[in-house]
Amino acid sequence: MQLRKRHRKSKIYTRHCWYCGLGLRKATATRDHQVPICKGGSEANGNIVWSCERCNNQKANLDVGGYRQVLEQRAGKPVVFYGERV
Ligand SMILES: [Zn+2]
C-alpha cells in the first residue's frame, strides 16, 4: 500500500491481487471473501481482499488455507501469498 502515492498520477488502478500480487486494473479487480460466505464468512472489510480473476476462480469456495493447500500440492513447495508478504 505504500506504493499508492507514487502511482496516483498514472491512471492505472494500483491494487494488487492479494494472492499472486498481480497488478489489477479496475476492469479486472475482483473482491474475494477470504472465508467464503457459504462457509460462514462475513461481508466485513477484514474478510475481503482484492484478487485477480484467475485466483478468484481457482480459489472458488475454498478458504485461504484450503487454497494454499491446493497451490502447495501443485507447486510441491510452501506458498506465501502476496498479501502476507506486504
Ligand atoms: Zn492473483
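Given the structure is predicted, the values throughout are model-derived calculations rather than measurements.

Colleague: I'm lost on helix H3 (residues 64–75) in this one. Help?
Modeller: Turn by turn, an α-helix covers 3.6 residues, leaving residues three or four places apart pointing in a common direction. Between its first and last C-alpha atoms H3 spans 16 Å; for twelve residues at 1.5 Å apiece the expected length is 16 Å, and the two agree. Among the twelve residues in H3, one count as buried, and that is only a small part of the element. A positive backbone phi angle near 75° is found at Gly-76, which sits one or two residues after H3.

Colleague: So what exactly am I meant to see when it comes to the environment of Gln-58 here?
Modeller: Turning to its location among the elements, Gln-58 is positioned in helix H2 (residues 53–59). Once the C-alpha coordinates of Gln-58 and Leu-71 are considered, the two residues, 13 residues apart in sequence, prove to be 9.5 Å apart.

So, how was this worked out
Residues numbered from 1 in each chain as written. Predicted model: local features only at pLDDT ≥ 70, side-chain atom pairs only at ≥ 80, totals over all residues. Helix = DSSP H or I, 4+ residues; strand = E, 2+ residues; numbered from the N terminus. Expected span 1.5 Å × (residues − 1). Buried ≥ 20, exposed ≤ 12 C-beta atoms within 10 Å, placed from the backbone.

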